[in-house]
Amino acid sequence: MDLFEEPNDNAHEFSVSEISGAIKRTLEGEFGNVRVKGEVGRVVIARTGHMYFDLKDDRSVIASVSWKGQVSKLSHMPEEGMEVVATGRLTTFGPQSKYQLNVEDIRPAGAGALMAMLEKRKAALAAEGLFATERKRPLPYLPEVIGVVTSPTGAVIRDILHRLRDRFPRKVLVWPVAVQGKDCAPQVAHAIEGFNQMTPGGALPRPDVIIVARGGGSIEDLWGFNEEIVVRAAAASQIPLISAVGHETDTTLIDYASDMRAPTPTAAAELAVPVRLELLNWVENQGMRLTRSGTQAVTLRQQRLSDLSRAMPKATELLEGPSQRLDILSDKLDNALRDFTRQKRLKLTEASGHLRPSVLTNRIAEQNRRLDDRSARLAPALARGTRQHRRDFTALTSRIRPAALKEKTALLSERLVPLARRLTDHANRDLADRKAKLTALDRLRLTLGYESTLQRGYAVIRDGDKVITTTKEAKSASALEIQFADGRITLDDTPKAAPKAKKPKPPEQGSLF
Amino acid sequence: MTDTPVDEMSFEQAMKELESVVNRLEHGDVALDDSIALYERGAALKARCEAKLKEAEEKVAKITLGADGAPTGTAPLDAG
């Protein structure tokens, strides 16, 4: 019996990879297309772009993965806690003995789950301030260009265009987008951004207002307008934006971010433009009022003018009174002149009665008399005046007295004497001082001179005028003269060698020895 | 009154201005010379409003998009 004989068994023996491959085939064959309902667990998006997440219920967990290319096509992104139905196929990961669900699409499981998610997203965006009232822009009163973001086919665009035509035909630019499905959100967001990027006066006219419209549908159909990118694009739009998505009862998140929400696409068109006919009527009415008030401004003034001029008196009336007065006065004028002349003539006659030559001669005689009288008084008056002045002069001369001058001279002489004495005294004193100083200086001079040394027994020997200071000089001298204190003696040539001759001394320095 | 020349006013501006001109004229306390100037301005504003209202012309176009999703131009839209 072979010790190594295998158990008596026909079972096929697999290698690990073989069995792993077999499992893979089986799983993928059996579960090539499954729908799995569950709650989303932790979601991780790897740097590669692949997304890993768990699907779970109260008892089990299944690892799920969506590859990078699949992630962008998902109609909903899984969020933790979300009830979903995932569509995909099961596959295995041999190297780790794992199996996983490769998810190709995810949908929220049921309306409840969808609404819960919507509420959560709405709260988050509201917290960012995207729905704030102060962000809202007023709609232009009369836009030149209207941008419509919607499907180019179908009732919605038709309704909008009809209503615009009824009210006020305008230029309309339609940006075609998918209004449902996974392309809806990115295309709508892109369209809003695209309209905003147009420059006024550019190749494409920039709209003055944007309408984002879609007809009614299920919550899933309208879902694209709940997506964050659409909401953000609507909030960021510089161009005022009207949202008209679904029916009046449907509210999507774009309605919160838009500047104005219209219940229907038709209503959006009504919000966008005023009614042209009404405006025409209004302008017509204003024009009438303008003309009426303009005319009235003139007619009222004309009326007032004519009223005033009626109240004005007639020119002839104004003159009646004065002309009558003129008549009366001119009547009076003739008489007045005659009377006046008569009166003056009367006065002249009266005055000329008094005018006789005697009146003049009398006056001349009178003046002559007064002249004679004055000339008679002239000479005595002059003599009297002279006498008076002479008297005054004498009185003044008598008041000039020499005594006063003498007194003053005596006083000044007296003051001069002591001054002269002080001058002499001072001069004498000064002279004596100077003499004394001179004597003292002379004495000093004598003591400092060589003569004083002679008193003490020294002598000066000379040859003529030259002073002899050495024996050599003495021997060669022709005659020697000795000066003593009391006088001089001259020695002859003969007793030249007299030893008793005193050593000649230098006159000044010698005093030291 | 705004300083914008009447020719450059938007419909709404011209409309508001016209309304205020008419109101002032109707009020009647404007000097005669001023009221004539005001009347002329009102007439110009009315003409501007009418011109803007006459511009009511319908033109509908669909934006054509390139492969990258960027607008390339316009095409007539047949909305049916």
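Summary of the structure given here.

**Topic: the overall build of chain B**
Move 1: Scanning chain B from terminus to terminus reveals two helices and two strands.
Move 2: The order of α-helices and β-strands along chain B, N terminus first, is α-α-β-β.
Move 3: Across the 80 residues of chain B, 32% fall into the buried class.
Move 4: Counting contacts in chain B only where the partners sit at least 6 residues apart, residues at least 24 apart contribute 44% of the total.
Move 5: Counting only carbon and sulfur atoms, one obtains 48% of the accessible surface of chain B, whose full area is about 4600 Å².

**Examining the interface of chain A and chain B**
Move 1: In this complex, chain A contributes 37 residues to the contact, which on the side of chain B involves 41 residues.
Move 2: A combined buried area of about 3500 Å² lies between chain A and chain B, and 67% of that area is made up of carbon and sulfur atoms.
Move 3: Along the contact surface separating chain A from chain B lie three salt bridges.
Move 4: Lys52(B) is the salt-bridge partner of Glu144(A), the closest N and O atoms lying 3.1 Å from each other.
Move 5: Summed over the shared surface of chain A and chain B, the result is eleven residue pairs in polar contact (both at pLDDT 80 or more).
Move 6: Among the secondary structure elements, those contributing two or more residues to the side of chain A that touches chain B are α4 (155-167), β7 (171-176), α5 (184-197) and α9 (276-311) of chain A.
Move 7: No other element matches the 16 residues that α9(A) contributes to the side of chain A that touches chain B.
Move 8: Broken down by class, the residue content of the side of chain A that touches chain B amounts to 21 nonpolar, six polar and ten charged.
Move 9: Relative to strand β1 (residues 59-65) of chain B, β7(A) runs parallel, the two sharing four bridges. Within the sheet, the bridge partner assigned to Val172(A) lies in β1(B) and is Val60(B).

**A short note on the pairing of strand β9 (residues 241-245) of chain A**
Within a regular strand, side chains alternate between the sheet's two faces.
Residue and element names in this part refer to chain A.
Move 1: In terms of residue burial, β9 counts as a mostly covered element, since five of its five residues are buried.
Move 2: Burial along β9 is two-sided: Leu-241, Ser-243 and Val-245 and Ile-242 and Ala-244, pointing in opposite directions, are all buried.
Move 3: In this structure, β9 lies alongside strand β10 (residues 260-261), joined through two bridges in parallel fashion. Note on β10: the bridge partner recorded for Ser-243 is Arg-261.

**Digging into the packing of aromatic side chains**
Each aromatic ring pair is characterised by the separation of its centres together with the angle its planes make.
Residues and elements named next belong to chain A.
Move 1: Summed over the entire model, instances satisfying the criterion amount to three aromatic pairs over all chains.
Move 2: Each ring, one from Trp-175 and one from Phe-195, has its centre 5.2 Å from the other, and the planes form 75°; the classification is edge-to-face. Pair noted here: Trp-175 is in strand β7 and Phe-195 is in helix α5, with a separation of 20 residues, a long-range link. Phe-195 shares its class with Trp-175; the two are buried.

**Some details on the pattern of salt bridges**
All names here are of chain A.
Move 1: Evaluation of the coordinates by the stated rule reveals 23 salt bridges over all chains.
Move 2: When the shortest N-O distance is used, the salt bridge between Arg-310 and Asp-307 registers 3.5 Å. Here Arg-310 pairs with Asp-307, and both are found in helix α9, just three residues apart, close to one helical turn.
Move 3: On the basis of relative accessibility, which here comes to 62%, the residue Arg-310 falls in the exposed class.
Move 4: Note that Arg-342 is salt-bridged to Asp-339, the shortest N-O span being 3.3 Å. Here Asp-339 and Arg-342 lie together in helix α10 (residues 315-354), a separation of three residues that amounts to about one turn.

**Structural notes on the nonpolar core**
It is characteristic of soluble globular proteins that their nonpolar side chains tend to be buried jointly.
Move 1: One finds Val149(A), Val188(A), Phe195(A) and Val212(A) to be the most contacted residues of the largest nonpolar core, which totals 54 residues.
Move 2: In this structure, Val174(A), Ala267(A), Leu18(B) and Cys49(B) belong to the second largest nonpolar core, which totals 41 residues.

**Details of the packing of α9(A) against helix α1 (residues 11-27) of chain B**
Move 1: The interhelical angle for the contact between α9(A) and α1(B), taken along N-to-C directions, is 30°, at an axis separation of 9 Å. Taken together, the axes of α9(A) and α1(B) are roughly parallel relative to one another. For α9(A) against α1(B), the interelement crossing comes out left-handed. The segment α9(A) lies against α1(B), with Leu279(A), Trp282(A), Gln286(A), Arg289(A), Leu290(A), Arg292(A) and Ser293(A) engaging Phe11(B), Met15(B), Leu18(B), Glu19(B), Val21(B), Val22(B), Asn23(B), Leu25(B) and Glu26(B).

**Here we look at the pairing of β7(A)**
Residue and element names in this part refer to chain A.
Move 1: Among the six residues of β7, five are classified as buried, and the element is accordingly described as predominantly covered.
Move 2: Pairing between strand β6 (residues 145-150) and β7: six bridges, direction parallel. From the neighbouring strand, Val-145 faces β7, where its bridge partner is Lys-171.
Move 3: As a crossover connection, the stretch from β6 through α4 into β7 is right-handed.

**Details of unusual backbone geometry**
Residue and element names in this part refer to chain A.
Move 1: The phi torsion at Ser-97 lies on the positive side, around 50°, for a residue other than glycine.
Move 2: By secondary structure assignment, the location of Ser-97 is in the loop between β4 (83-93) and β5 (98-108).
Move 3: For Ser-97, a relative accessible area of 68% translates into the label exposed.

**With respect to a nonpolar patch on the surface**
Move 1: A cluster of nonpolar side chains, contributed by Phe14(A), Val16(A), Ile19(A) and Ile23(A), occupies part of the molecular surface with about 380 Å² of accessible area.
Move 2: Relative to the elements of secondary structure, Ile19(A) occurs in helix α1 (residues 16-30).

**Some details on α1(B)**
Since one α-helical turn is 3.6 residues long, residues separated by three or four positions face the same way.
Move 1: With 17 residues, α1(B) should reach 24 Å at 1.5 Å per residue; the first-to-last C-alpha distance of 24 Å fits that figure.
Move 2: Among the residues making up α1(B), those that are buried are Phe11(B), Ala14(B), Met15(B), Glu17(B), Leu18(B), Val21(B), Val22(B) and Leu25(B).
Move 3: Next to the buried residues of α1(B) lie α9 of chain A together with α2 (32-54) of chain B.
Move 4: Looking one or two residues past α1(B), Gly28(B) carries a phi angle of roughly 80°, positive in sign.

The rules behind each value
Residues numbered from 1 in each chain as written. Chains lettered and ligands numbered in written order. Predicted model: local features only at pLDDT ≥ 70, side-chain atom pairs only at ≥ 80, totals over all residues. Heavy atoms only, no water. Helix = DSSP H or I, 4+ residues; strand = E, 2+ residues; numbered from the N terminus. Buried < 20%, exposed > 50% of the residue type's maximum accessible area, 1.4 Å probe, protein only. Contact = heavy atoms within 4.5 Å. Areas by Shrake-Rupley, 256 points an atom, 1.4 Å probe, with all protein chains shown as cover. Buried area = accessible area lost by both parts, 1.4 Å probe. Salt bridge = Lys/Arg side-chain N within 4 Å of Asp/Glu carboxyl O. Polar contact = N/O pair within 3.5 Å; in protein donor to acceptor, adjacent residues only side chain to side chain. Nonpolar A, V, L, I, M, F, W, Y, C, P; charged D, E, K, R; others polar. Pairing = 2+ DSSP bridges. Phe/Tyr/Trp six-rings, centres within 6.5 Å; stacked < 30°, edge-to-face > 60°. Core = buried A, V, L, I, M, F, W, Y, C linked by side-chain atoms within 4.5 Å. Axes fitted to C-alpha atoms, helices over the stretch in contact; angles between N-to-C directions. Parallel < 35°, antiparallel > 145°, perpendicular 65-115°, else oblique. Left-handed = near helix turned anticlockwise from the far one by under 90°. Right-handed = clockwise from strand over helix to strand, strands pointing away. Patch = residues over 30% accessible without salt bridge, like charges linked within 9 Å, V, L, I, M, F, W, Y side chains within 5 Å. Expected span 1.5 Å × (residues − 1).

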